[in-house]
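Letter by letter, the chains look like this.
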Amino acid sequence: MRFHRSLSTLLPALLLVTGTEAGPIGYALCQGGCATVVMACYAAAGAVWGTNPWLAAGVPVPAVIVGCNSAYAGCQATCAAVAFSPTP
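Asks: Could you give an account of the overall build of the protein chain, naming the residues involved and the relevant values?
Replies: Of the regular secondary structure elements, the protein chain holds 4 helices and 2 strands. Walking the protein chain from its N terminus toward its C terminus, one meets helices and strands in the order α-β-α-α-α-β. In the protein chain, which comprises 88 residues, the proportion classed as buried is 17%. Summarising the internal contacts of the protein chain: among those between residues at least 6 apart in sequence, 68% fall at separations of at least 24. Of the accessible surface of the protein chain, which amounts to about 6,400 Å², a share of 73% is contributed by carbon and sulfur atoms.

What follows is the structure in structure tokens.
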């Protein structure tokens, strides 16, 4: 009876522990990758990431830069999922 009682309290706890999470390290690696890709995207478009000369000049932002920004936002969203996804 004693074994059955301890098993009944331990089993639900074991079911909650299904793996580890990527956590801060996986998130940081993912964000670093996103930053590298967006910087390459901006460089290919002839721009510098983190600056906005178009706003100061009153010129619309080029479509390629908007595309880089959209891709970066999607990459960041994926990194958020990586932070909370279980790893083997």
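Asks: Could you give me a rundown of the packing of aromatic side chains, with the residues and numbers involved?
Replies: Evaluated as defined, the whole model comprises 1 aromatic pair. Between Trp49 and Tyr72, the ring centres sit 5.3 Å apart and the planes meet at 75°, which makes this aromatic pair edge-to-face. Note that Trp49 is positioned in the loop between α2 (23-44) and α3 (53-57) and Tyr72 in helix α4 (residues 63-84), a separation of 23 residues in sequence. According to the relative accessible area criterion, Tyr72 is buried, its value standing at 18%.

Asks: I'd love a proper account of the packing of α2 against α4, names of residues and values included.
Replies: Across the interface, α2 lies against α4 with an axial gap of 9 Å and an inter-helix angle of 170°. With respect to α4, the axis of α2 lies roughly antiparallel. For the pair α2 and α4, contact is made by Gly23, Gly26, Tyr27, Cys30, Gln31, Cys34, Ala35, Val38, Cys41 and Tyr42 and by Ile65, Cys68, Asn69, Tyr72, Cys75, Gln76, Cys79, Ala80, Val82 and Ala83, respectively. Considered class by class, the residues forming the contact of α2 with α4 number 15 nonpolar, 5 polar and no charged.

Asks: Give a detailed account of the state of the cysteines, specifying residues and quantitative values.
Replies: The tally for this structure, following the rule as stated, stands at 3 disulfides. The disulfide partner of Cys34 is Cys75, and the S-S distance across this bridge is 1.8 Å. Negative torsions about the S-S bond denote left-handed disulfides, and the value of about -85° found for Cys34 with Cys75 makes this one left-handed. Of the two residues, Cys34 is situated in helix α2 and Cys75 in helix α4; the sequence distance between them amounts to 41 residues. Judged by relative accessible area, which is 2%, Cys34 ranks as buried. Judged by its relative accessible area of 24%, Cys75 is partly exposed. Here the protein chain pairs its bonded cysteines, counted in sequence order, in the arrangement 1-6, 2-5, 3-4.

Asks: Describe the nonpolar core, naming the residues involved and giving the relevant values.
Replies: The biggest cluster of nonpolar side chains holds 10 residues, and these are Cys30, Cys34, Val38, Tyr42, Ala47, Trp54, Ile65, Cys68, Tyr72 and Cys79. When contributions to this core are tallied by element, the ones reaching two or more residues are α2 and α4. In this structure Cys68 touches Val38, Cys41 and Tyr42, once residues within four positions along its chain are discounted.

The rules we used
- Residues numbered from 1 in each chain as written.
- Predicted model: local features only at pLDDT ≥ 70, side-chain atom pairs only at ≥ 80, totals over all residues.
- Heavy atoms only, no water.
- Helix = DSSP H or I, 4+ residues; strand = E, 2+ residues; numbered from the N terminus.
- Buried < 20%, exposed > 50% of the residue type's maximum accessible area, 1.4 Å probe, protein only.
- Contact = heavy atoms within 4.5 Å.
- Areas by Shrake-Rupley, 256 points an atom, 1.4 Å probe, with all protein chains shown as cover.
- Phe/Tyr/Trp six-rings, centres within 6.5 Å; stacked < 30°, edge-to-face > 60°.
- Axes fitted to C-alpha atoms, helices over the stretch in contact; angles between N-to-C directions.
- Parallel < 35°, antiparallel > 145°, perpendicular 65-115°, else oblique.
- Nonpolar A, V, L, I, M, F, W, Y, C, P; charged D, E, K, R; others polar.
- Disulfide = S-S within 2.5 Å.
- Core = buried A, V, L, I, M, F, W, Y, C linked by side-chain atoms within 4.5 Å.

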